[in-house]
Amino acid sequence: MLALINNQEINLSKPIDISIPLTNTNENPIAWYLDKPEIDPVKVGDWIGKVSEGKSSTNFNNIFFNPHGHGTHTECLGHITRDFYSINQCLKQFFFTAELISVEPKNINGDLVITLEQIENALNNKMPEAIVIRTLPNIEVKKHKKYSHTNPPYLAEDAAVFIRKIGIQHLLIDLPSVDREEDEGKLLAHKAFWNVKNINNLNEDARLNCTITELIFVDNTILDGSYILNLQIASFENDASPSKPILYKI
(Lines give C-alpha, C1' and ligand atoms only; values in the text may rest on other atoms or scores of the structure.)
Protein backbone atom coordinates (compact mmCIF):
# COMPACT_ATOMS: atom_id res chain seq x y z
CA MET A 1 0.00 0.00 0.00
CA LEU A 2 1.42 3.37 -1.03
CA ALA A 3 0.70 6.65 0.77
CA LEU A 4 1.63 10.26 0.17
CA ILE A 5 2.93 11.98 3.33
CA ASN A 6 4.23 15.55 3.09
CA ASN A 7 4.25 15.14 -0.69
CA GLN A 8 6.56 12.14 -0.33
CA GLU A 9 5.53 8.61 -1.30
CA ILE A 10 6.03 5.78 1.19
CA ASN A 11 5.12 2.10 1.13
CA LEU A 12 3.03 1.39 4.23
CA SER A 13 3.50 -2.36 3.74
CA LYS A 14 7.22 -2.04 4.51
CA PRO A 15 7.55 -0.57 8.03
CA ILE A 16 10.94 -0.37 9.75
CA ASP A 17 10.35 -0.87 13.46
CA ILE A 18 12.99 0.81 15.65
CA SER A 19 11.40 0.00 19.00
CA ILE A 20 12.55 -2.55 21.57
CA PRO A 21 9.76 -4.89 22.77
CA LEU A 22 9.00 -5.09 26.47
CA THR A 23 9.29 -8.54 28.05
CA ASN A 24 9.38 -10.03 31.53
CA THR A 25 12.65 -11.86 30.88
CA ASN A 26 16.27 -11.03 31.53
CA GLU A 27 16.52 -10.10 27.83
CA ASN A 28 14.69 -6.85 28.56
CA PRO A 29 16.88 -3.72 28.70
CA ILE A 30 16.88 -1.98 32.08
CA ALA A 31 17.88 1.50 33.18
CA TRP A 32 17.50 3.64 36.30
CA TYR A 33 18.18 0.92 38.86
CA LEU A 34 14.95 -1.00 38.27
CA ASP A 35 14.18 -4.71 38.24
CA LYS A 36 12.80 -6.34 35.11
CA PRO A 37 9.12 -5.80 34.13
CA GLU A 38 6.47 -8.12 35.52
CA ILE A 39 3.86 -9.80 33.31
CA ASP A 40 1.78 -12.24 35.37
CA PRO A 41 -1.71 -13.75 35.18
CA VAL A 42 -4.37 -12.42 37.51
CA LYS A 43 -5.08 -14.75 40.43
CA VAL A 44 -8.39 -14.72 42.32
CA GLY A 45 -8.62 -17.54 44.84
CA ASP A 46 -8.00 -20.77 42.91
CA TRP A 47 -8.66 -19.08 39.55
CA ILE A 48 -5.66 -18.16 37.38
CA GLY A 49 -6.03 -16.03 34.26
CA LYS A 50 -4.00 -18.34 32.04
CA VAL A 51 -5.48 -20.76 29.52
CA SER A 52 -2.62 -23.26 29.88
CA GLU A 53 -3.42 -23.62 33.59
CA GLY A 54 -6.82 -25.08 32.66
CA LYS A 55 -8.88 -22.74 34.82
CA SER A 56 -9.51 -19.86 32.44
CA SER A 57 -10.88 -19.42 28.94
CA THR A 58 -8.66 -16.36 28.44
CA ASN A 59 -5.16 -15.14 29.15
CA PHE A 60 -5.61 -12.23 31.54
CA ASN A 61 -2.33 -10.62 32.63
CA ASN A 62 -1.33 -7.76 34.85
CA ILE A 63 1.70 -5.80 33.63
CA PHE A 64 4.00 -3.77 35.87
CA PHE A 65 6.66 -1.69 34.18
CA ASN A 66 8.26 1.74 34.08
CA PRO A 67 8.19 3.45 30.66
CA HIS A 68 11.44 5.34 31.28
CA GLY A 69 13.50 2.35 32.39
CA HIS A 70 12.12 -0.69 30.61
CA GLY A 71 12.17 -0.03 26.89
CA THR A 72 11.40 2.32 24.04
CA HIS A 73 9.39 5.27 25.30
CA THR A 74 8.35 8.76 24.24
CA GLU A 75 8.19 11.60 26.73
CA CYS A 76 6.98 15.20 26.80
CA LEU A 77 8.29 18.11 28.85
CA GLY A 78 6.07 16.96 31.71
CA HIS A 79 8.94 14.61 32.48
CA ILE A 80 10.86 17.49 34.08
CA THR A 81 8.24 20.08 35.14
CA ARG A 82 6.53 20.65 38.47
CA ASP A 83 3.11 20.87 36.80
CA PHE A 84 1.60 17.87 35.08
CA TYR A 85 1.77 17.57 31.30
CA SER A 86 0.71 14.42 29.48
CA ILE A 87 2.35 12.89 26.42
CA ASN A 88 -1.15 11.95 25.28
CA GLN A 89 -2.13 15.63 25.22
CA CYS A 90 1.15 17.00 23.86
CA LEU A 91 1.58 14.63 20.90
CA LYS A 92 -1.33 15.09 18.50
CA GLN A 93 0.35 14.43 15.14
CA PHE A 94 2.11 11.18 14.32
CA PHE A 95 3.82 11.41 10.93
CA PHE A 96 6.99 13.46 10.45
CA THR A 97 9.92 13.89 8.12
CA ALA A 98 12.97 12.35 9.80
CA GLU A 99 16.70 12.10 9.32
CA LEU A 100 18.59 9.06 10.59
CA ILE A 101 22.20 9.79 11.52
CA SER A 102 24.96 7.64 13.02
CA VAL A 103 27.38 9.19 15.50
CA GLU A 104 30.28 7.81 17.53
CA PRO A 105 30.30 9.73 20.84
CA LYS A 106 33.55 11.48 21.70
CA ASN A 107 35.53 10.84 24.88
CA ILE A 108 35.43 14.12 26.83
CA ASN A 109 36.90 14.00 30.34
CA GLY A 110 36.05 10.31 30.64
CA ASP A 111 32.47 10.66 29.39
CA LEU A 112 31.20 9.64 25.96
CA VAL A 113 29.42 12.67 24.53
CA ILE A 114 27.51 13.40 21.31
CA THR A 115 28.72 16.86 20.33
CA LEU A 116 27.25 19.82 18.49
CA GLU A 117 29.82 19.46 15.73
CA GLN A 118 28.89 15.82 15.15
CA ILE A 119 25.16 16.60 14.91
CA GLU A 120 25.72 19.58 12.65
CA ASN A 121 28.02 17.64 10.31
CA ALA A 122 25.74 14.61 10.14
CA LEU A 123 22.65 16.67 9.31
CA ASN A 124 24.55 18.59 6.60
CA ASN A 125 22.09 21.53 6.55
CA LYS A 126 18.99 19.31 6.57
CA MET A 127 16.18 20.47 8.84
CA PRO A 128 13.75 17.57 9.31
CA GLU A 129 10.89 17.49 11.79
CA ALA A 130 12.52 14.57 13.63
CA ILE A 131 16.09 13.36 14.17
CA VAL A 132 16.94 9.72 14.86
CA ILE A 133 20.37 9.26 16.44
CA ARG A 134 22.09 5.88 16.23
CA THR A 135 25.25 5.70 18.36
CA LEU A 136 28.31 3.76 17.29
CA PRO A 137 29.41 1.10 17.78
CA ASN A 138 25.91 -0.25 17.15
CA ILE A 139 25.80 -3.68 18.75
CA GLU A 140 22.97 -6.13 19.50
CA VAL A 141 23.60 -5.94 23.26
CA LYS A 142 21.84 -2.55 23.26
CA LYS A 143 18.54 -4.45 23.07
CA HIS A 144 19.29 -6.26 26.34
CA LYS A 145 21.75 -4.00 28.14
CA LYS A 146 21.57 -3.27 31.86
CA TYR A 147 22.41 0.44 31.87
CA SER A 148 22.28 1.22 35.58
CA HIS A 149 25.59 2.54 36.99
CA THR A 150 27.31 2.40 33.57
CA ASN A 151 27.41 6.13 32.72
CA PRO A 152 26.11 5.69 29.15
CA PRO A 153 26.85 8.23 26.40
CA TYR A 154 24.69 11.35 26.30
CA LEU A 155 23.95 14.48 24.29
CA ALA A 156 25.86 17.72 24.90
CA GLU A 157 23.72 20.68 25.94
CA ASP A 158 24.79 22.84 22.98
CA ALA A 159 23.93 19.97 20.61
CA ALA A 160 20.40 19.92 22.06
CA VAL A 161 20.20 23.71 21.65
CA PHE A 162 21.21 23.37 18.00
CA ILE A 163 18.58 20.67 17.40
CA ARG A 164 15.95 22.97 18.91
CA LYS A 165 17.06 26.07 17.01
CA ILE A 166 16.82 24.43 13.59
CA GLY A 167 13.23 23.48 14.34
CA ILE A 168 13.47 19.74 15.00
CA GLN A 169 10.43 18.78 17.04
CA HIS A 170 11.12 15.14 17.83
CA LEU A 171 14.39 13.68 19.08
CA LEU A 172 14.91 9.91 19.05
CA ILE A 173 18.01 8.21 20.46
CA ASP A 174 19.22 4.68 21.26
CA LEU A 175 20.28 5.56 24.81
CA PRO A 176 18.38 5.52 28.12
CA SER A 177 18.61 9.31 28.33
CA VAL A 178 19.76 12.35 26.40
CA ASP A 179 21.44 13.45 29.65
CA ARG A 180 24.20 12.06 31.82
CA GLU A 181 23.13 9.24 34.14
CA GLU A 182 24.26 11.16 37.22
CA ASP A 183 24.16 14.90 36.59
CA GLU A 184 22.92 16.29 39.93
CA GLY A 185 19.46 16.81 38.44
CA LYS A 186 20.62 19.41 35.91
CA LEU A 187 18.99 17.70 32.90
CA LEU A 188 20.73 20.14 30.57
CA ALA A 189 19.88 18.46 27.27
CA HIS A 190 16.24 17.85 28.21
CA LYS A 191 15.80 21.48 29.21
CA ALA A 192 17.64 22.79 26.16
CA PHE A 193 15.59 20.71 23.71
CA TRP A 194 12.23 21.59 25.29
CA ASN A 195 13.35 25.17 25.97
CA VAL A 196 12.33 24.82 29.62
CA LYS A 197 13.85 27.72 31.53
CA ASN A 198 12.06 27.24 34.85
CA ILE A 199 10.61 23.88 35.85
CA ASN A 200 8.43 25.51 38.53
CA ASN A 201 6.90 28.23 36.34
CA LEU A 202 6.87 27.11 32.73
CA ASN A 203 7.86 29.77 30.23
CA GLU A 204 5.44 30.58 27.39
CA ASP A 205 7.91 29.57 24.69
CA ALA A 206 8.55 26.10 26.12
CA ARG A 207 8.00 23.45 23.46
CA LEU A 208 4.87 21.62 24.56
CA ASN A 209 4.39 19.76 21.27
CA CYS A 210 7.93 18.35 21.11
CA THR A 211 9.02 14.91 22.27
CA ILE A 212 12.06 12.87 23.21
CA THR A 213 12.09 9.14 22.49
CA GLU A 214 14.74 7.03 24.21
CA LEU A 215 15.91 3.40 24.14
CA ILE A 216 15.26 2.78 20.45
CA PHE A 217 17.34 0.34 18.42
CA VAL A 218 18.21 0.97 14.76
CA ASP A 219 19.58 -2.13 13.05
CA ASN A 220 22.80 -1.81 11.07
CA THR A 221 20.97 -2.80 7.91
CA ILE A 222 19.04 0.49 8.03
CA LEU A 223 20.99 3.17 6.18
CA ASP A 224 21.47 6.75 7.30
CA GLY A 225 19.30 9.19 5.41
CA SER A 226 15.82 10.63 5.05
CA TYR A 227 12.66 8.79 6.13
CA ILE A 228 9.09 9.34 7.18
CA LEU A 229 8.58 8.65 10.90
CA ASN A 230 5.36 7.32 12.37
CA LEU A 231 5.60 7.94 16.11
CA GLN A 232 3.12 5.66 17.86
CA ILE A 233 2.31 5.89 21.57
CA ALA A 234 -0.19 4.28 23.90
CA SER A 235 -2.87 6.62 25.23
CA PHE A 236 -1.39 7.09 28.70
CA GLU A 237 -2.18 10.29 30.60
CA ASN A 238 1.39 10.36 31.88
CA ASP A 239 4.58 12.27 31.12
CA ALA A 240 5.76 9.28 29.07
CA SER A 241 4.36 6.29 27.24
CA PRO A 242 5.85 3.12 25.83
CA SER A 243 6.13 3.78 22.11
CA LYS A 244 6.66 2.17 18.73
CA PRO A 245 8.48 4.49 16.33
CA ILE A 246 8.31 3.25 12.74
CA LEU A 247 10.40 4.49 9.82
CA TYR A 248 9.36 4.34 6.18
CA LYS A 249 11.69 4.67 3.23
CA ILE A 250 10.83 7.56 0.94
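S.K.: I tried to follow the sheet that holds strand β10 (residues 106-108) on my own but got confused; where do I start?
M.R.: The strands that make up a sheet pair up through hydrogen bonds in the backbone, lying either parallel or antiparallel. Pairing is mixed in the open sheet, where 3 strands are placed in the order β10-β11-β13. The two strands at the open ends of the sheet, each matched to only one other strand, are β10 and β13 (154-155). By the bridge criterion, 3 bridges tie β10 to strand β11 (residues 111-114) in an arrangement that is antiparallel. Its bridge partner lying in β11, N107 is registered against L112.

S.K.: Just to check I follow, could you spell out the nonpolar core for this structure?
M.R.: In globular proteins that are soluble, nonpolar side chains generally tend to be buried together. Membership of the largest hydrophobic core comes to 32 residues, with the highest contact counts inside it found for I119, I131, L155 and L171. Elements represented by at least two residues in this core include exactly β9 (95-103), β11, α2 (116-123), β12 (130-135), β13, α3 (157-165), β14 (170-173) and α4 (188-194). Not counting residues up to four positions away in its chain, the partners in contact with L171 are I131, I133, L155, I163, V178, F193, T211, I212 and T213. Core analysis: the next-biggest nonpolar cluster, separate from the first, contains 19 residues, C76, I87, L91 and V218 among them.

S.K.: Any chance you could explain unusual backbone geometry here in plain terms?
M.R.: One can expect most non-glycine residues to show negative phi and most peptide bonds to be in trans. Residue P137 is reached from L136 by a cis peptide bond, and omega for that bond is 0°. Here the phi dihedral of N151 falls at roughly 50°; this positive angle occurs in a residue that is not glycine. Looking at the secondary structure, you find N151 in the loop between β12 and β13. By relative accessible area, N151 is classed as partly exposed at 26%.

S.K.: I tried to follow α3 on my own but got confused; where do I start?
M.R.: Of the residues making up α3, those classed as buried are A159, A160, F162, I163 and R164. Buried residues along α3 sit in contact with β11, α2, β12, β13, β14 and α4. Within two residues after α3, G167 carries a phi angle of roughly 90°, on the positive side.

S.K.: Teacher, can you tell me more about the pairing of strand β17 (residues 240-249) here?
M.R.: Each regular strand carries side chains that alternate between the two faces of the sheet. A large share of β17 lies buried, amounting to 7 of its 10 residues. Examined bridge by bridge, strand β3 (residues 16-17) and β17 share 2 bridges and lie antiparallel to one another. Considered in β17, the bridge of D17 is made with I246. As paired strands, strand β8 (residues 73-75) and β17 are joined by 3 bridges and run antiparallel to one another. The residue of β17 that forms the bridge with H73 is P242. Two elements, strand β16 (residues 225-233) and β17, share 7 bridges in a ladder whose sense is antiparallel. Among the inter-strand pairings, Q232 is bridged to a residue of β17, identified as K244.

Rules and cut-offs
Residues numbered from 1 in each chain as written. Predicted model: local features only at pLDDT ≥ 70, side-chain atom pairs only at ≥ 80, totals over all residues. Heavy atoms only, no water. Pairing = 2+ DSSP bridges. Helix = DSSP H or I, 4+ residues; strand = E, 2+ residues; numbered from the N terminus. Core = buried A, V, L, I, M, F, W, Y, C linked by side-chain atoms within 4.5 Å. Buried < 20%, exposed > 50% of the residue type's maximum accessible area, 1.4 Å probe, protein only. Contact = heavy atoms within 4.5 Å.

By themselves these figures say nothing about function.
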